[in-house]
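Topology and contacts: notes
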Amino acid sequence: MKYALFDCDGTLLDSMPMWVNLATDVMKTYGVDLPRHIERQTASMSHTDAAKFYADTFLDGKGAKELEQTFTDTLKHNYGEVLELKPHVREVLEALHDKQVPMAVASSTDAYLLEMVLARTGLRDYFRFVQTVDNTGYSKDSDAYFQHAAAQLGCKCEDIVFFDDALYALERAKKNGLTTVAVQDDTNADQDAAIRAAGDYYINDFSEVKVDEWFD
């Protein structure tokens, strides 16, 4: 049996433009022009840890709580009311559900935000669980993160088809034996060649998912 594991942001959810602008816009109010590579460095962190990182790195350790609250308020609004699914996601999840493929979410975003948006978009019941950095204690850029997901699904890493748009996650998943599906997202265009290389498959959108072929 094959199992499906999905990243959320940039994969199921069209949320990466919001994430790219979030830290940049907030840090500009402190007079900090945030480099793109720094944002990628915090991509696997919860927003609580990211706020502390930005405060420690750019603000002499000051203002972490204020930053965290600003992030929290913005994220609650977006996940609760604004963000939408990427094209054809719902159709693929319905097809996998009809095929009785066990599914779960594996993300770096705080669990309460994912639960909020999955409930709002009517997707929560498709997934056995929602795994995040904050509810496991494992960084998504770690072997333990993917091994934990396999244990929760009750399968081997080699039985999982994993969908993600982020290079670091695809590389880590592949290292642990998961079949990787690299998902195109405009915010990662400068890494597209490496992302393609990290995927056993590459899709421009979910209309290209081959449910019957990949989940036999």
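Quick look at the structure, then. (Residues numbered from 1 in each chain as written. Predicted model: local features only at pLDDT ≥ 70, side-chain atom pairs only at ≥ 80, totals over all residues. Heavy atoms only, no water.)

**As for the overall build of the protein chain**
Counting its secondary structure elements, the protein chain contains eleven helices and six strands. In terms of C-alpha radius of gyration, the protein chain reaches 17 Å, essentially the compact-globule figure of 17 Å for 216 residues. Viewed in the frame of its principal axes, the protein chain has a C-alpha envelope of about 55 × 35 × 30 Å. A total of 216 residues make up the protein chain; the buried ones form 52% of that total. Put simply, 64% of the contacts in the protein chain that link residues at least 6 apart link residues at least 24 apart. Accessible surface computed for the protein chain: about 9,700 Å², of which carbon and sulfur atoms make up 47%. (Helix = DSSP H or I, 4+ residues; strand = E, 2+ residues; numbered from the N terminus. Rg over C-alpha atoms; globule rule 2.2 N^0.38 Å. Buried < 20%, exposed > 50% of the residue type's maximum accessible area, 1.4 Å probe, protein only. Contact = heavy atoms within 4.5 Å. Areas by Shrake-Rupley, 256 points an atom, 1.4 Å probe, with all protein chains shown as cover.)

**Some thoughts on the environment of Ala173**
With respect to the element layout, Ala173 can be found in helix H9 (residues 167-175). We classify Ala173 as buried; its relative accessible area is 0%. As a C-alpha pair, Ala173 and Ala64 span 109 residues in sequence and 31 Å in three-dimensional space.

**Re unusual backbone geometry**
Positive phi, close to 55°, is recorded for Asp60, a residue that is not glycine. Relative to the assigned elements, Asp60 resides in the loop between helix H3 (47-58) and helix H4 (64-82). At His88, a position not held by glycine, the phi torsion is positive, near 70°.

**Re the sheet that holds strand E1 (residues 3-6)**
Ordered by their spatial adjacency, six strands build an open sheet running E3-E2-E1-E4-E5-E6, and the pairing between neighbours is parallel. Each end of this open sheet is capped by a strand with a single partner; those strands are strand E3 (130-131) and strand E6 (201-203). Bridge count between strand E5 (residues 179-183) and E6: three bridges; the pairing is parallel. For Ala182, the partnering residue across the bridge sits in E6 and is Tyr202. (Pairing = 2+ DSSP bridges.)

**Some points on the pattern of salt bridges**
Taken as a whole and assessed by the stated rule, the structure comprises twelve salt bridges. For Lys52, the salt bridge goes to Asp56, with nearest N and O atoms at 2.7 Å. Here Asp56 and Lys52 lie together in helix H3, a separation of four residues that amounts to about one turn. For Asp212, the salt bridge is made with Lys99, and the minimal N-O distance between the two is 3.5 Å. In this pair, Asp212 is assigned in helix H11 (residues 211-214) and Lys99 in the loop between helix H5 (89-98) and strand E2 (103-106), connecting sequence segments 113 residues apart. Classification of Asp212 by relative accessible area gives exposed; the value is 53%. For Lys99, a relative accessible area of 32% puts it in the partly exposed group. Through salt bridges that share partners, Asp141, Asp143, Arg172 and Lys175 make up one connected network. (Salt bridge = Lys/Arg side-chain N within 4 Å of Asp/Glu carboxyl O.)

**A few points about the environment of Val89**
Considering the arrangement of structural elements, one finds Val89 in helix H5. Residue class for Val89 comes out buried when judged on its relative accessible area of 0%. Residues Val89 and Asp192, spaced 103 residues apart in sequence, show a C-alpha to C-alpha distance of 21 Å. Excluding its chain neighbours within four sequence positions, the residues that come into contact with Val89 are Thr11, Leu12, Leu123 and Phe206.

**Comments concerning the nonpolar core**
As a rule of thumb, soluble globular proteins bury nonpolar side chains together. Within the largest apolar cluster, 50 residues are counted, with the highest numbers of intra-cluster contacts made by Phe6, Tyr54, Phe127, Phe163 and Phe206. Ignoring any residue separated from it by four or fewer positions in sequence, one finds Phe163 in contact with Leu5, Phe6, Asp7, Thr11, Val181, Val183, Ile203, Phe206, Val209, Trp214 and Phe215. With 18 residues, the next largest nonpolar core counts Leu5, Phe129, Ala166 and Leu178 among its residues. (Core = buried A, V, L, I, M, F, W, Y, C linked by side-chain atoms within 4.5 Å.)

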